[in-house]
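What follows is the residue order along each chain.
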Amino acid sequence: MNLKTTCFERALFFSWYCAVGDCTYCYMSTQPKFNKEKLARRTTESLLAEVILCKNLGWELGFVSGGQKAYKKVEFLELLSKIKQVYGKKVWINVGALSKAELIQNQPYIKGVVASIETINYELHKKVCPSKPIKPFEDMLVEAQRLGLEKGMTLIVGLGETIDDFELLKNFIKKYSITKIHIYGLNPQKGTMFENSEPPSAEYQAEWIRKTRQAFPDIDIQCGIWVDRVGYVSTLLRAGANSISKFPAIKYFGSKQAGEVERQARLAGRKFKGTLTKLPEVDWDKEVDKLDLNDGLKEKIEQKLRAYLKKMKSH
Ligand code: SF4
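The notes below deal with the structure included here. Because the structure is predicted, anything quoted here is derived from the model rather than measured.

**Remarks on the overall build of the chain**
Logical step 1: The helix and strand inventory of the chain stands at 12 helices and nine strands.
Logical step 2: Relative to the globule expectation of 20 Å for 315 residues, the C-alpha radius of gyration of the chain, 19 Å, shows essentially globular dimensions.
Logical step 3: Each principal axis of the C-alpha atoms in the chain carries an extent, and together these give about 55 × 45 × 40 Å.
Logical step 4: Residue burial in the chain is summarised as follows: out of 315 residues, 41% are buried.
Logical step 5: Here the analysis covers contacts within the chain between residues at least 6 apart in sequence; of these, 74% occur between residues at least 24 apart.

**Details of the packing of helix α2 (residues 44–57) against helix α3 (residues 73–87)**
Logical step 1: Axis separation between α2 and α3 bottoms out at 9 Å; the angle between their running directions is 25 degrees. Of the possible angle classes, the one that applies to α2 and α3 is roughly parallel. The crossing of α2 and α3 is right-handed. For the pair α2 and α3, contact is made by T44, L47, L48, V51, I52 and K55 and by L79, K82, I83, V86 and Y87, respectively.
Logical step 2: Class assignment of the residues belonging to the contact of α2 with α3 gives a composition of eight nonpolar, one polar and two charged.

**Looking at the pairing of strand β4 (residues 110–118)**
Logical step 1: Within β4, seven of the nine residues are buried, which leaves the element mostly enclosed by the surrounding structure.
Logical step 2: Relative to β4, strand β3 (residues 91–94) runs parallel, the two sharing three bridges. By the bridge assignment, V91 is partnered in β4 with I110.
Logical step 3: Handedness of the β3-helix α4 (residues 100–106)-β4 crossover: right-handed.

**A look at α3**
Logical step 1: Given a rise of 1.5 Å per residue, 15 residues ought to cover 21 Å, and the 21 Å separating the end C-alpha atoms of α3 matches this to within 8%.
Logical step 2: What α3 keeps buried is the set F76, L79, L80, K82, I83 and V86. The buried residues of α3 occupy one face: seen down the axis, they fall within an arc of 165 degrees. Exposed side of α3, more than 90 degrees from the buried face: K73, V74 and S81 are the residues found there.
Logical step 3: Taken together, the buried residues of α3 touch α2, β2 (60–65), β3, α4 and β4.

**Observations concerning the environment of L276**
Logical step 1: Inspection of the secondary structure puts L276 in the loop between β9 (271–272) and α11 (284–289).
Logical step 2: As for L276 and G259, which are separated by 17 residues in sequence, their C-alpha atoms are 7.1 Å apart.
Logical step 3: Apart from the residues within four sequence positions on either side, L276 is in contact with F8, A249, F253, A258, V261 and E262.

**Remarks on the packing of α2 against helix α12 (residues 295–312)**
Logical step 1: Where α2 contacts α12, the axes come no closer than 8 Å and their chain directions differ by 60 degrees. By the angle between their axes, α2 is oblique relative to α12. Viewed along their axes, α2 and α12 form a crossing whose handedness is right-handed. For the pair α2 and α12, contact is made by T44, E45, S46, L48, A49, I52 and L53 and by L297, K300, I301, K304, L305 and Y308, respectively.
Logical step 2: Along the lines of polarity and charge, the residues of the contact of α2 with α12 split into eight nonpolar, two polar and three charged.

**Brief notes about the pairing of β2**
Logical step 1: Of all six residues making up β2, five are buried, and the element is well covered by its neighbours.
Logical step 2: Pairing of strand β1 (residues 5–13) with β2 involves five bridges; the strand directions are parallel. Among the inter-strand pairings, E9 is bridged to a residue of β2, identified as E60.
Logical step 3: Of the strand pairs in this sheet, β2 and β3 are connected by two bridges, and their pairing is parallel. Residue pairing across strands places S65 opposite N94, the latter belonging to β3.

Criteria and cut-off values
Positions within a chain are numbered from 1, following the residues in the order the chain's sequence is written. Per-residue local features are limited, in this predicted model, to residues with pLDDT of at least 70; the limit for side-chain atom pairs, both in listing and counting, is 80 or more; totals at the level of whole chains, interfaces and linings are taken over all residues. Helix and strand definitions follow DSSP, with helices as H or I runs of at least four residues and strands as E runs of at least two, each counted in order from the N terminus. A radius of gyration in this sense is built from C-alpha atoms; the matching globule rule multiplies 2.2 Å by the number of residues raised to 0.38. Partly exposed residues are those whose C-beta has more than 12 but fewer than 20 other C-beta atoms within 10 Å; with 20 or more the residue is buried, with 12 or fewer it is exposed, and the C-beta atoms are placed from the backbone. The contact criterion used is a C-beta to C-beta distance within 7 Å, with each C-beta placed from the backbone. Working convention: axes come from line fits to C-alpha atoms, limited for helices to the stretch in contact. Angles between N-to-C directions cover 0 to 180 degrees. Orientation is classified from the angle alone, with under 35 degrees giving roughly parallel, over 145 giving roughly antiparallel, 65 to 115 giving roughly perpendicular, and any other angle giving oblique. In a left-handed crossing the near helix is turned counterclockwise from the far helix by less than a right angle, and in a right-handed crossing that turn is clockwise. Any residue that is not Ala, Val, Leu, Ile, Met, Phe, Trp, Tyr, Cys, Pro, Asp, Glu, Lys or Arg is counted as polar, Gly included; the first ten are nonpolar and the last four charged. Strand pairing is defined by DSSP finding a minimum of two bridges between the two strands. With the strands aimed away from the viewer, a crossover counts as right-handed if its path from the first strand over the helix to the second runs clockwise. In this analysis, the expected span of each helix is defined as 1.5 Å times one less than the number of residues it contains. Taking the helix axis as origin, the arc is that swept by the directions to the C-beta atoms.

Put into structure tokens, the structure is as follows:
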């Protein structure tokens, strides 16, 4: 595992619609049912424009994700096939607990599946994710193993677990041969039961990372930070994280917070691959033209890309 470098990983979200909608820490749980159903999917062109940005700025695609059941199966497979084509390689997906048949359908486009476990404390899990049980994810991980797919998981620290729960995590990672884990810290959302909670400290999030790294020297650990936690980066990297995510990299591109992420990486003795601060010289139209997509879609991607670049140059 190379801990001399680090990079930013972008989660590509295709929608905010979610058929689960009641995880108690999630913004979706604060929305009336009508809004949950109304919340639109993003357009294909905006997603693909974002993938082009990732490729050219040196950002890895952490996973493709979105609210559960936002897409019909066939449409989702079409989207994944386009993302794979633009990205140039298979992607991770984090779209809920998939059945064996669904995994097989997705397999041509995906490298692995992420189980959004969120908390490994089973009692706490029942409270914070009442409609997103762990068991279907465990079944998915077993099937993914049989199919030769990689297996990842998410963990949010600060939901009410303690570091003593690490043994549960260790057993889970071992049991399901997890090769990648995303370790986030709670982001208290207005209107949820965590509204007045303190976000976990850098040291607490780092402790989970450190223990995971010690127990699994080869596992890929991604740490999630928010824009108010860029000062956590060096602590989390020193604890053994490979990469950084959850920073709003397009909105804050070139900002002082983005500069701080890169500085923190250097403080931790890591070379930061890619950039959150300087747009490289790229012929963006050419990047779109070379894609094997229809001209109408390419035109829309170019427009979207121009809009993103304008936003990114505004800092
Ligand atoms: S499944 Fe995900 S998007 Fe849906 S409510 Fe739970 S955390 Fe939020």
